[in-house]
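Fold and contact review
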Amino acid sequence: MIVFHGSTEIIKKPDTEHSLRPLDFGKGFYVTTVKEQAEKWARRKAAIFEKNKAIVNKYEMSDNFTSLNKKQFDDDLSEWIDFVCDCRDGKDCYKDFDVILGKVANDKVFRVVDMYHQGIWNKERAIKEMKAYPNYDQIAFITQKAIDQLLAFVSFEEV
């Protein structure tokens, strides 16, 4: 499977050390199967860090999860939203896994998660609102073992 990572740099050898902070699925190296999503993230990073280049790195991802502890969020948004909120609160529940796959809280979904996280909306209302938004995805590599086993750099593109 082909996956993408938006950045301001070419990343031939990804690692977990450069993750600045825990995101939806904790601290790790994030990729997506949606190229447009990676392009938006690359441009956003370039603007935030005042860089001249926005880069989309392309990887081949193996489906051989043997010996890895994988967590996959499918259609159970109830479990997903609680996990994301826990990670954003600084909890380390993500450290139980090598790789985590699931939805991404894009700008629209992030607002819904934030309304739930602040207690403004209950879980049922938040889940109902999320179903109306387009499906983006994310794969978080929490351990270097997962990166080494599953990812191979293919190419990069400036966007």
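Below you will find a few notes about this structure.

Attention now goes to helix H1 (residues 35-48). Compared with the 20 Å implied by 1.5 Å per residue over 14 residues, the 20 Å span of H1 between its first and last C-alpha is a close match. Restricting attention to buried positions, one finds in H1 the residues Gln37, Ala38, Glu39, Ala42, Lys45 and Ala46. Contacts from the buried residues of H1 go to strand E1 (2-7), strand E3 (55-61) and strand E6 (137-141). Positioned one or two residues after H1, Glu50 has a phi angle of 50 degrees, which is positive.

Turning our eyes to something else, we now look at the sheet that holds strand E7 (residues 151-158). If you trace the three strands from one edge of the open sheet to the other, you get E1-E3-E7, paired in antiparallel fashion. Both outer strands of the open sheet, E1 and E7, are each paired with one neighbouring strand and no more. Neighbour-to-neighbour, the strand axes of the sheet open up by a mean angle of 25 degrees, direction not taken into account. Of the pairings in the sheet, the one linking E3 to E7 comprises seven bridges and is antiparallel in character. Among the inter-strand pairings, Lys58 is bridged to a residue of E7, identified as Ser155. Helix-sheet contacts for H1 involve E1, E3 and E7, and the interaxial angle to E1 is about 15 degrees.

We now examine the pairing of E6. Of all five residues that make up E6, four are buried, and the element is covered over most of its length. As defined by bridge partners, strand E2 (residues 29-31) adjoins E6 across three bridges and the pair is classed as antiparallel. Note on E6: the bridge partner recorded for Phe29 is Phe141.

Criteria and cut-off values
- Residues numbered from 1 in each chain as written.
- Predicted model: local features only at pLDDT ≥ 70, side-chain atom pairs only at ≥ 80, totals over all residues.
- Heavy atoms only, no water.
- Helix = DSSP H or I, 4+ residues; strand = E, 2+ residues; numbered from the N terminus.
- Expected span 1.5 Å × (residues − 1).
- Buried < 20%, exposed > 50% of the residue type's maximum accessible area, 1.4 Å probe, protein only.
- Contact = heavy atoms within 4.5 Å.
- Pairing = 2+ DSSP bridges.
- Axes fitted to C-alpha atoms, helices over the stretch in contact; angles between N-to-C directions.

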